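As a plain string of letters, each chain reads:
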Amino acid sequence: MSVAESSTKASKGKKGKNDVAAPVEEAEEVVVNKNKRHRKEKPWDTDDIDHWKIEPMTAPGADTHRPFLEESSFALLFPKYREPYLRSVWSLITTSLDALGLACELDLIQGRMTVKTTRKTWDPYAVLKGRDLLKLLARGVAAPQALKVLQDDVACDVIKIGGLVRNKERFVKRRQRIVGPNGSTLKAIELLTDCYVLVQGNTVSAMGSFKGLKEVRRIVVDCMNNIHPIYRIKELMIRRELAKDPKLANESWDRFLPKFQKKHLKTSEKTARKNAALARAENPNDIPVAATGTGAEVPTAAASAAAAAPAAAKKKKVYTPFPPAPVMSKLDQQLASGEYFLKPKEREAAARREKEDKQAEVAKERRAVREEAFIAPPETAAPTIAEKKKRKRAAKDV
């Protein structure tokens with residue numbers, strides 16, 4: 001190649017570069033955010049695509065299936081009273097798990113259920129679904145209902161409520177609030193959250209979507225913390241109605257939701273209310289009248305007397321230079337009464353005797369209160385003929 005030809009090609013190449021660069025310099029530079037500089041257009045990503053849709057996972061063919069390298073298993077204990085029911089439905093459970101390539105065992109001696117993967121298992125998450133199935137069966141859920149947890153769009157949650165309240169009676173009352181009268185509260189929770197809820201012993205079992213399970217857990221935990229379920233139910237009802245309006249899709253719903261505040265009264269306020277209630281009970285005619293135009297109450301004589309009652313109750317103490325007499329300890333009291341010299345069995349017998357005497361007195365008082373309803377009222381005898389004549393004479397003389 002000659003020198004002239006090479007120079008000609010070089011000049012052509014330079015000219016081409018200048019021709020391409022010219023319009024770039026003339027075009028306006030578009031400012032791009034540094035976080036989005038590497039983003040590119042995705043023509044395949046259209047608005048009609050549901051990114052949250054869970055695609056069903058189908059079983060692979062026999063030629064493409066490969067077994068897992070390790071075996072996974074879960075074992076759960078079940079209470080003794082569930083044994084007859086589990087034995088009756090275990091064939092149904094085995095058939096349902098076999099469709100997913102899982103194996104299950106029922107050990108009646110140790111009271112244990114086991115689910116594990118096999119060489120036919122193709123879904124690695126299926127063993128977790130099997131574990132949830134056994135957990136629901138152990139907590140009292142019926143087998144046809146518990147088998148729904150094997151579906152991809154159904155999850156479960158077992159809420160432990162046994163340790164949230166210490167007092168046994170208080171725990172039973174708050175647990176009953178979740179159920180409600182004739183199961184009405186429980187039915188409302190199921191309808192609003194689209195979940196199945198079962199209250200059993202110290203746990204609450206729930207089945208449904210993840211969003212619904214979150215609401216159920218919130219309602220149950222708040223109920224055990226002394227917040228009535230009706231407040232959450234009312235909020236869920238309002239949210240359901242607001243979701244129907246497309247205009248409110250991008251707005252805040254805080255202004256529509258109810259706001260409940262706890263009212264803690266001070267000791268002085270409680271005492272004032274108690275004194276006012278006692279004053280109203282003694283003088284029902286003295287009712288405080290509200291002043292016109294204001295919400296303030298005009299204090300009456302009864303109210304002022306009730307307010308002055310605590311001050312009058314305090315008596316002025318007389319000053320004495322001597323310290324108060326020392327309080328006898330428990331040991332001194334036992335020495336004074338002679339109980340200290342008794343043997344342990346004799347002390348227990350004396351304490352038991354004293355307790356029985358107190359119980360007898362209380363039982364006697366309660367029996368007397370119950371028998372008051374059966375005591376006949378005093379009857380007035382009809383006046384005799386002589387008494388009638390005597391009354392007529394007295395009336396004529398007057």
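See the structure above.
What you see is a predicted model; the values in this text were computed from it and never measured.

Enquirer: Lay out the overall build of the protein in plain terms, naming residues and giving numbers.
Expert: For the protein, the helix and strand inventory stands at 13 helices and six strands. Long-range pairs, those at least 24 residues apart, make up 55% of the contacts in the protein with a sequence separation of at least 6. As displayed, the protein offers around 32200 Å² of accessible surface, 56% of which is attributable to carbon and sulfur atoms.

Enquirer: Account for the nonpolar core, naming residues and giving values.
Expert: Counting 29 residues, the largest nonpolar core has I93, L97, L133 and L137 as the members making the most contacts within it. Contributing elements (two or more residues each) for this core: α2 (83-98), β2 (102-107), β3 (112-117), α3 (126-138) and α4 (143-146). By residue number, the principal contributor to this core is α3, which donates seven residues. Ranked by size, the runner-up nonpolar core spans 22 residues in total, among them A155, L192, L213 and I233.

Enquirer: Tell me what's going on with the environment of P60, and back it up with residues and numbers.
Expert: Counting through the fold element by element, P60 comes out in the loop between α1 (3-26) and β1 (73-77). Once the C-alpha coordinates of P60 and W122 are considered, the two residues, 62 residues apart in sequence, prove to be 7.3 Å apart. Apart from the residues within four sequence positions on either side, P60 is in contact with H65 and W122.

Enquirer: Can you tell me about the sheet that holds β1, naming the residues and giving the values?
Expert: Strand order in the open sheet formed by three strands is β1-β3-β2, and the pairing between neighbours is antiparallel. Two strands in the sheet have a free side with no partner beyond their single neighbour: β1 and β2. Taking each pair of neighbouring strands and ignoring which way they run, the sheet shows an average axis angle of 15°. Direction of pairing for β2 relative to β3: antiparallel, over a ladder of six bridges. Counted as the bridge partner of D107 is R112 from β3. Against the sheet, α2 engages β2 and β3, with an angle of about 165° to β2. Along the sheet face, α3 touches β1, β2 and β3 and points at about 165° away from the line of β3.

Enquirer: Summarise the packing of helix α6 (residues 184-193) against helix α8 (residues 229-243); cite the residues concerned and give the values.
Expert: Across the interface, α6 lies against α8 with an axial gap of 10 Å and an inter-helix angle of 30°. In terms of orientation, α6 lies roughly parallel with respect to α8. Between α6 and α8 lies a crossing whose hand is left-handed. Contacts between α6 and α8 pair T185, A188, I189, L191, L192 and T193 from the former with P229, I233, L236, M237 and R240 from the latter.

Enquirer: A description of the environment of Y196 should follow, citing residues and the corresponding values.
Expert: Take Y196: it is sitting in strand β5 (residues 196-200). For the pair Y196 and G208, spaced twelve residues apart in the sequence, the C-alpha separation amounts to 6.5 Å. In contact with Y196, not counting residues within four places along its chain, are V141, Q145, E190, S205, A206 and M207.

Enquirer: Go over a negative patch on the surface, please, and point to the residues and values.
Expert: A surface patch of negative charge is lined by E356, D357, E361 and E365. Tracing the backbone shows D357 in helix α12 (residues 344-371).

Enquirer: Talk me through the sheet that holds strand β6 (residues 203-208); I want residue IDs and the actual numbers.
Expert: The strand order across the open sheet formed by three strands is β4-β6-β5, and the pairing between neighbours is antiparallel. Each of the sheet's edge strands pairs with one partner strand only, and the pair in question is β4 (155-160) and β5. Going across the sheet, the axis of each strand differs from the next one's by a mean of 15°, ignoring polarity. Of the strand pairs in this sheet, β4 and β6 are connected by six bridges, and their pairing is antiparallel. Paired with I159 across the bridge in β6 is V204. Running at roughly 10° to β4, helix α7 (residues 210-224) makes contact with β4, β5 and β6 of the sheet.

Enquirer: I'd love a proper account of α3, names of residues and values included.
Expert: Relative to the 18 Å expected for 13 residues at 1.5 Å per residue, α3 spans 19 Å between its end C-alpha atoms, a close match to the ideal helical length. Every buried residue of α3 is listed here: A126, V127, K129, G130, D132, L133, L134, L136, L137 and A138. Taken from the residues just after α3, G140 is the one with a positive phi, measuring 100°.

Enquirer: Requested: an account of the pattern of salt bridges, with residues and values cited.
Expert: Following the criterion strictly, the structure yields 13 salt bridges and no others. R131 is the partner of D132 in a salt bridge, and the nearest nitrogen-oxygen pair spans 3.3 Å. Given the relative accessible area of 10%, D132 is considered buried. Among the salt bridges present, the one from E241 reaches K244, with a minimum N-O distance of 3.5 Å. If you follow the salt bridges from partner to partner, you end up with E215, R218, D222, R232, E235 and R239 in one network.

Enquirer: Tell me about a positive patch on the surface, and name the residues and values.
Expert: Together, K388, K389, R391, K392, R393 and K396 make up a positively charged patch on the protein surface. Along the chain, the position of K392 falls in helix α13 (residues 385-397). For K392, a relative accessible area of 58% translates into the label exposed.

Enquirer: Lay out the side chain of D157 with the relevant residues and their values.
Expert: Along the polypeptide, D157 turns up in strand β4. Only 2.9 Å separates the side chain of D157 from the side chain of R217, close enough to count as a polar contact. With sequence-adjacent residues up to four places away left out, D157 is seen in contact with V204, S205, A206, L213 and R217.

What counts, and at which threshold
Residues numbered from 1 in each chain as written. Predicted model: local features only at pLDDT ≥ 70, side-chain atom pairs only at ≥ 80, totals over all residues. Heavy atoms only, no water. Helix = DSSP H or I, 4+ residues; strand = E, 2+ residues; numbered from the N terminus. Contact = heavy atoms within 4.5 Å. Areas by Shrake-Rupley, 256 points an atom, 1.4 Å probe, with all protein chains shown as cover. Core = buried A, V, L, I, M, F, W, Y, C linked by side-chain atoms within 4.5 Å. Buried < 20%, exposed > 50% of the residue type's maximum accessible area, 1.4 Å probe, protein only. Pairing = 2+ DSSP bridges. Axes fitted to C-alpha atoms, helices over the stretch in contact; angles between N-to-C directions. Parallel < 35°, antiparallel > 145°, perpendicular 65-115°, else oblique. Left-handed = near helix turned anticlockwise from the far one by under 90°. Patch = residues over 30% accessible without salt bridge, like charges linked within 9 Å, V, L, I, M, F, W, Y side chains within 5 Å. Salt bridge = Lys/Arg side-chain N within 4 Å of Asp/Glu carboxyl O. Lys, Arg positive; Asp, Glu negative; His and termini not counted. Charge placed at Lys NZ, Arg CZ, Asp CG, Glu CD. Expected span 1.5 Å × (residues − 1). Polar contact = N/O pair within 3.5 Å; in protein donor to acceptor, adjacent residues only side chain to side chain.

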